[in-house]
Amino acid sequence: MNLTRRSFALLTASAALAGVTVSAAPATAASYHAVAVYYVGDTGTRAALYREWRGLPTTTAPIRQAVDAMLHLSPRDPHYKSLWPRTTKIRGISVRDGVAKVDLTKEALQGRAGAEFACASLQQLVYTVTAASRGAVSRVQLMVEGRTAGVVSTFWGHGCGADKPMARRPGAYILAPVQISYPGHNRTIPRSFTIKGEATVFEATVSWSLTDVATGNVVRKGFVTASKGAPARGTWSVPVSLSSYYSGRRLKIKAWESSARDGSVTNLDDKLVWVA
């Protein structure tokens, strides 16, 4: 049964709140779902993982779908990236006793990166797979052309432990210290909205600002306390209301950790948005 225009509008609005874009009316309201895809980014001090939610067709093979998105779907935020060769294909994925075996083609070994980003790329795979499994997978075994021994022991020229099943590294060491979860990059937002994010920062304090791109003027700024402080990971949110003057204008949202040493900006994440 086809959706009415009103039903599709409601679906699109709901998806936007989750950071998901529905570009065309699906056959049914349940035919799309939000998929967590992880990408690699540079915080300025280390490699880290950033999560994006993507709207993809509902499938009976969610892990395969998520890995395929990680390999071939470009991140919306230009500061994020995937270093896996885009010519890499999935040969097969199987799950047994909490371990997902992800078998990729030989192109997977042709990536180039320093040790830190190579190892982060493996964690990108682990986080993406375990998120898609909804608790069914706790470790991921990378395979290339059906093999592990002697193939992935020095992943991209580095010893990252890819020859054995890999678990998620603790978030404090691999996830971005500060990330804006909503709104997504290049999204259109209403004049009243809530900035949402996650953080693993000292004393749970996240600084934020909203800047008019055209004028460079700071529209709003402040700080917010996340639900948990480092080494735990907490969530944070900031409600914002703008006047009609900002309708149609482009704004930049920034969130960061202020250095305990000198107050400088560290671990910055930002998003460009349009005001409806």
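Engineer: Run through unusual backbone geometry, naming residues and quoting values.
Structural biologist: Here the residue pair Tyr182 and Pro183 is connected by a cis peptide bond, since its omega of 0° sits within 30 degrees of zero. Omega for the bond connecting Ala230 with Pro231 falls within 30 degrees of zero, at 10°, which places this linkage in the cis form. Look at Glu145: it is not a glycine, yet its phi comes out positive at around 55°. Inspection of the secondary structure puts Glu145 in the loop between β5 (139-144) and β6 (166-167). Using a relative accessible area of 35% as the deciding quantity, one classes Glu145 as partly exposed. Although it is not a glycine, Glu203 sits at a positive phi angle of roughly 55°. Within the secondary structure, Glu203 sits in the loop between β9 (192-199) and β10 (205-212).

Engineer: I'd like to hear about the pattern of salt bridges, residue by residue, with values.
Structural biologist: Oppositely charged side chains are able to pair whenever their charged atoms sit close together. Applying the stated criterion to the full structure yields 10 salt bridges. The shortest N-O distance in the salt bridge between Asp103 and Arg91 comes to 2.4 Å. Placement of the pair is Asp103 in strand β4 (residues 99-104) and Arg91 in strand β3 (residues 90-96), with a sequence separation of 12 residues. Arg91 gets classed as partly exposed once you look at its relative accessible area, which sits at 44%. Measuring nitrogen to oxygen at the nearest pair gives 4.0 Å for the salt bridge that ties Asp262 to Arg261. When salt bridges with common partners are traced through the structure, they connect Arg51, Glu198 and Arg233 into a single cluster.

Conventions we followed
- Residues numbered from 1 in each chain as written.
- Predicted model: local features only at pLDDT ≥ 70, side-chain atom pairs only at ≥ 80, totals over all residues.
- Heavy atoms only, no water.
- Helix = DSSP H or I, 4+ residues; strand = E, 2+ residues; numbered from the N terminus.
- Buried < 20%, exposed > 50% of the residue type's maximum accessible area, 1.4 Å probe, protein only.
- Salt bridge = Lys/Arg side-chain N within 4 Å of Asp/Glu carboxyl O.

By themselves these figures say nothing about function.
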